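Letter by letter, the chains look like this.
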Amino acid sequence: MAAENIDDVVEGLAGIVREAGRAGDRVGYFAALYRQVTVEVRTAIHGGLFDDGARMDRFDTLFGNRYFDAYDAWRRDRSGPRCWREAFGLLNDADTVIVQHLILGVNAHINLDLAIAAARTSPGEAIHALRRDFLLINDILGRVVLAVQDSVGALSPLLSLLDRVGARTDERILDFSVRQSREEAWYNAVLLAGQNDEEREATIQRLDIRAAVLARLTARPGGLVRPALQLIRSTESDDVPAVITHLDNAMSDPPSGRGRGEARRIDRPASG
């Protein structure tokens, strides 16, 4: 799977979401979130929001192909970057909650792939001209996060328990992960853009190892978070296709302003 432009990225992600829905594959969780972000970026390009729309198309295409390459490598022989192996390796783990799957995808794609895509789009000194457009995506991500927040709150009725054990809630986990990680990604993009091939490879390996460590901490947290996640998971739906559909429709059913306790709930099917 290789995209040549942002339309191909949207189509490729939509294909993964459709196939995941048919197969009941949790890979569709992050793919649904990522598809919506990409659609919003494409809309912004067409609307003239960015300083250089053609450059952002190239940037998003390189970014998308990083995900497709990791997905294809995992499906082929369970290879690929360490951080993506951590994320894909939990897709069949029934104990991992929905928001963890989302964070694992966000972690790998932003903490590793984003800086690489930016540096390849604008190598050398050209990287500095990309900064404004790079940062504008934060606003787009923020809108998608708000919509996904509502969806995740409906899918995980007890997710607010994370507040009570000292962790962040659904939207704050996603928002923190996106915004903090993107700031670090920009620093790493500038670093990569100015390096030679040998230096760049060493930096990419370092970023991958760090993102893999963060993935393991997300997947297997300590303290009171672990039992809280177990309780949260016990209230989540086991209907993977329904969860994918719900997440994939987040932008067409925007946040309603309901309180967390009033979120429309997707019930866990009764056993038997």
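Reading guide: rules and limits
Residues numbered from 1 in each chain as written. Predicted model: local features only at pLDDT ≥ 70, side-chain atom pairs only at ≥ 80, totals over all residues. Heavy atoms only, no water. Helix = DSSP H or I, 4+ residues; strand = E, 2+ residues; numbered from the N terminus. Buried < 20%, exposed > 50% of the residue type's maximum accessible area, 1.4 Å probe, protein only. Contact = heavy atoms within 4.5 Å. Areas by Shrake-Rupley, 256 points an atom, 1.4 Å probe, with all protein chains shown as cover. Core = buried A, V, L, I, M, F, W, Y, C linked by side-chain atoms within 4.5 Å. Phe/Tyr/Trp six-rings, centres within 6.5 Å; stacked < 30°, edge-to-face > 60°. Salt bridge = Lys/Arg side-chain N within 4 Å of Asp/Glu carboxyl O. 1 Å grid on protein atoms, 1.4 Å probe; cavity = no way out; pocket = protein on both sides within 12 Å on 5 of 7 lines; lining within 4 Å. Points joined across faces, edges and corners; volume = space filled by probe spheres on them. Nonpolar A, V, L, I, M, F, W, Y, C, P; charged D, E, K, R; others polar. Expected span 1.5 Å × (residues − 1). pLDDT = per-residue confidence, 0-100.

**Student:** What's the story with the overall build of the chain in this structure? I'm lost.
**Tutor:** Scanning the chain for helices and strands turns up 11 helices and 0 strands. When the helices and strands of the chain are listed from N to C terminus, the series reads α-α-α-α-α-α-α-α-α-α-α. Per-residue burial for the chain yields a buried fraction of 53% across its 272 residues. In the chain, once contacts between residues fewer than 6 apart in sequence are set aside, the share between residues at least 24 apart is 81%. For the chain, the exposed surface amounts to about 12400 Å²; the carbon and sulfur share of it is 49%.

**Student:** What's the story with the nonpolar core in this structure? I'm lost.
**Tutor:** One broad trend across soluble globular proteins is that nonpolar side chains are buried collectively. Counting residues in hydrophobic clusters, the biggest one holds 79 residues, and the most contacted among them are Phe 50, Phe 59, Tyr 67, Trp 84, Phe 88 and Leu 247. Leave out the neighbours within four places in its chain, and Tyr 67 touches Leu 13, Ile 16, Val 27, Phe 30, Ala 31, Tyr 34, Trp 84, Phe 88, His 109 and Asp 113.

**Student:** Which parts of the structure should I look at to understand the packing of aromatic side chains?
**Tutor:** Taken as a whole, this structure holds 15 aromatic pairs when the rule is applied. The rings of Phe 30, Tyr 34, Phe 59, Phe 63, Tyr 67, Phe 68, Tyr 71, Trp 74, Trp 84, Phe 88, Phe 134 and Trp 186 are connected pair by pair, giving a single aromatic cluster.

**Student:** Would you mind going over the pattern of salt bridges with me for this structure?
**Tutor:** It is possible for side chains bearing opposite charge to pair when their charged atoms get close. Going through the model one piece at a time under the given rule, you end up with 15 salt bridges. Of the charged contacts in the structure, one is a salt bridge between Glu 184 and Arg 210, with a shortest N-O distance of 3.1 Å. Of this pair, Glu 184 sits in helix 8 (residues 170–193) while Arg 210 sits in helix 9 (residues 197–219), placing them 26 residues apart in sequence. You can call Glu 184 partly exposed: its relative accessible area is 26%. The class of Arg 210 is partly exposed, set by a relative accessible area of 37%. Put simply, Asp 238 and Arg 233 hold a salt bridge, and the shortest N to O gap is 2.6 Å. Owing to a relative accessible area of 9%, Arg 233 belongs among the buried residues under this scheme.

**Student:** Could you clarify how one ought to interpret empty space enclosed by the protein in this entry?
**Tutor:** Any space left empty among the atoms is revealed by the rolling of a water-sized probe across them. For the structure on display, the rule yields 4 cavities of 30 Å³ or more. Here the second largest cavity defines a volume of roughly 90 Å³. Together, Arg 26, Val 27, Phe 30, Tyr 67, Trp 84, Ala 87, Phe 88, Leu 91, His 101, Leu 104 and Gly 105 line the second largest cavity. A per-class count over the lining of the second largest cavity returns 8 nonpolar, 2 polar and 1 charged.

**Student:** I'm lost on the environment of Ser 151 in this one. Help?
**Tutor:** Its location among the elements puts Ser 151 in helix 6 (residues 131–155). Look at Ser 151 and you get buried, because its relative accessible area is 5%. In the structure, Ser 151 is positioned 99 residues away from Ala 250 in sequence and 6.1 Å away in space, judged by C-alpha atoms. With sequence-adjacent residues up to four places away left out, Ser 151 is seen in contact with His 246, Leu 247 and Ala 250.

**Student:** Explanation requested: helix 3 (residues 53–77) in the structure shown.
**Tutor:** An α-helical turn contains 3.6 residues, so any two residues separated by three or four positions project in the same direction. The end-to-end C-alpha separation of helix 3 is 36 Å, in line with the 36 Å expected for 25 residues at 1.5 Å each. Trailing helix 3 by a residue or two, Arg 78 shows a phi angle of about 60°, which is positive.

**Student:** Teacher, can you tell me more about the environment of Arg 58 here?
**Tutor:** In this structure, Arg 58 sits in helix 3. Along the backbone, Arg 58 and Ser 122 are 64 residues apart, and their C-alpha atoms lie at a distance of 9.9 Å.

**Student:** Teacher, can you tell me more about the confidence of the model for the chain here?
**Tutor:** Atomic detail in the predicted coordinates should be set aside for any region of low pLDDT. Across the chain, the average pLDDT comes to 84, with 83% of residues at 70 or higher. Counting contacts from residues 165–175, a segment whose pLDDT is below 50, to residues more than four positions away or on other chains yields 27 contacts. Confidence drops under a pLDDT of 50 for residues 254–272, and excluding neighbours within four residues, the segment shows 35 contacts in the predicted structure.

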